[in-house]
Amino acid sequence: MSNKKSVQLKPTIQLLVAGASIVIGVAGCTQQPQKVQALSNASLKQTDLVNPGRAGADVQALVKLGPRVAGTPVMEKASAYLIQEYRKAGYMAEVQTFTYPKFEDLGSNLSLDGKTIAGIALNGSLAGKPTARLVAVPNVGNSADFASVDVKGAIAIVQRGEIRFLQKAENAAAAGAVGLVIVNTASDSLSGTLGGKTKIPVLGLSGDLGKPLIKRVQSQPLNVALNVNTRQRVVTGRNVIAHLKGVTRPSVLLGGHYDSVPGAPGANDNASGTAVVLEIARNLSTTPLARQSWFVAFDGEEDGLHGSRAFVSTAEPEFLQGLKGMLNFDMVGVNNKLLVGGTKSLTTLAQATDPGVSTFGGSGGSDHAPFAAADVPVLFFYRGQEPNYHSPNDKQVDSKLLDQTAGVGLDVVKRLLRFDSSSLGEGSQTRANFSVPFAAVTKIR
Ligand SMILES: [Zn+2]
């Protein structure tokens, strides 16, 4: 068990992680048709239990709680809801808490001519409210650029580009500026990370708002009030972990984050994935496959994958090595096309399971990433970007898409857990070849 200061683990987790493991491999060949046949019929019977619309109801129950921002009281209600649902399905379920530092912009802007224009404090910026003349710095704010103008006691404004935000801020402070505004080259808002501490407050402005301002101040002097309103706090995250009693070394881990960004109800991002994992768990709960599975709702994903990173960094190496796959579901409630990414052998398995599934380039920056970094085979389920992403309008999903995703996920789990690769001895490469005929995919009734 790691003793990273930032992670506080519930005692039970330690106990569980130290238990025995049940390993089931992946096989590609049809050497044991008899066994295959018997198992698939039995388990097929199971998947028919997928209850249409139930996952959609979970999404609405989570959305009703309001934006699920890590470290806020809503997350206690959301985790309580998930624990109740997993326990109803027969699983043990509890919270793994962890902590991490979080930089928050509580609303930053620039005021001039009696008007306030909104901006975004750069991540890591010092808070501050200086009022001073605004001075345009040429080019991209190299030290020579600052030396060419007088920013002593002034608020400097400069274009984004070429050098890092932090370098611009250090050059501005060194030249005596009391604040800095960085203007995006693109028309939209600028949110970035400084990646270090600054001596002065730093605000990012959209190109639409900032470029005309640079032009204006180049021709006439202007007094402005900078308001960088930020705070740094320690967030306590709550991963929800569910599994059957005594299952300490699962062969498959299914997960998805249940936190959302501020202001967004997070129906698609990511109550959808959270509900699909819960629905798969419900359907597996009465099958022997549940004894090889863990289910996790991660917190803190939107702030930087903190929940999955905390989970992986506290898991015993044997626990991770025992995983045949980590299946991550993120944004699976909007857009008809179901996409998969991740480890080739698992994306191949997913496509063998449902030819309607496509792969998307790259692996995707979600909770499977820390597992992949720990050499766990990963499979990422995703339906692509959509207009309500990270917005107050992310309130609805198509529950049929959730059921379809749950069906595919369930069949992938069955295929993944169906065979004991060790009985096939050498040539485990065959593991990647999933040409075994599979009776049928899960039918959604
Ligand atoms: Zn997400």
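Owing to the predicted nature of the structure, the values given are computational and were not obtained by experimental measurement. (Residues numbered from 1 in each chain as written. Predicted model: local features only at pLDDT ≥ 70, side-chain atom pairs only at ≥ 80, totals over all residues. Heavy atoms only, no water.)

1. As for the pattern of salt bridges
Thinking step 1. Taken as a whole and judged by the stated rule, the model has 10 salt bridges.
Thinking step 2. A salt bridge links Glu104 to Arg231; the nearest nitrogen and oxygen atoms lie 2.6 Å apart. Of this pair, Glu104 sits in strand β1 (residues 92-105) while Arg231 sits in strand β9 (residues 230-243), placing them 127 residues apart in sequence.
Thinking step 3. For Arg231, a relative accessible area of 39% corresponds to the partly exposed category.
Thinking step 4. One salt bridge in this structure joins Arg233 and Glu104, with 2.7 Å as the shortest N-O distance. Here Arg233, found in strand β9, pairs with Glu104, found in strand β1; they are 129 residues apart in sequence, far enough to count as distant.
Thinking step 5. In the salt-bridge network here, residues are joined through shared partners; they are Arg54, Asp58, Glu85, Lys88, Glu279 and Arg282. (Salt bridge = Lys/Arg side-chain N within 4 Å of Asp/Glu carboxyl O. Helix = DSSP H or I, 4+ residues; strand = E, 2+ residues; numbered from the N terminus. Buried < 20%, exposed > 50% of the residue type's maximum accessible area, 1.4 Å probe, protein only.)

2. Considering the coordination of the zinc ion
Thinking step 1. Looking at the zinc ion, the protein donor atoms are His257 (NE2), Asp269 (OD), Asp330 (OD) and Asp330 (OD), and they sit 1.9 to 2.6 Å from it.
Thinking step 2. Given 4 donor atoms and angles of 51 to 141 degrees at the metal, the environment of the zinc ion is assigned as irregular.
Thinking step 3. Each donor residue of the zinc ion belongs to the same chain, and together they define the spacing H-x11-D-x60-D. Highlighted residues: Asp269 in helix α8 (residues 267-284) and Asp330 in the loop between β12 (325-329) and β13 (339-342), separated in sequence by 61 residues. Asp330 carries the same exposure label as Asp269, and that label is buried. (Donors = N, O, S within 2.8 Å, 3.2 Å for Na, K, Ca; no water. Tetrahedral: all angles 85-135°; square planar, octahedral: opposite > 155°, others 65-115°.)

3. A word on the confidence of the model for the chain
Thinking step 1. Per-chain confidence: the chain averages 86 in pLDDT, with 82% of residues scoring 70 or above.
Thinking step 2. Across residues 423-445, where pLDDT falls below 50, the model places 54 contacts with residues more than four positions away in sequence or in other chains. (pLDDT = per-residue confidence, 0-100. Contact = heavy atoms within 4.5 Å.)

4. Re the sheet that holds β9
Thinking step 1. The strand order across the open sheet formed by 8 strands is β1-β9-β11-β10-β12-β15-β13-β14, and the pairing between neighbours is mixed. Two strands bound the open sheet, and with one partner strand each, they are β1 and β14 (358-359).
Thinking step 2. Inspection of the sheet shows β13 paired to β14 by 2 bridges, in the parallel sense. By the bridge assignment for β14, Leu339 is matched with Ser358.
Thinking step 3. Running over the sheet, helix α4 (residues 73-88) touches β1, β9 and β11 (293-298) and is turned about 5 degrees from β9.
Thinking step 4. Contacts between helix α11 (residues 344-353) and the sheet are confined to β12, β13, β14 and β15 (378-382), with β13 contributing the most and set at about 160 degrees to the helix. (Pairing = 2+ DSSP bridges. Axes fitted to C-alpha atoms, helices over the stretch in contact; angles between N-to-C directions.)

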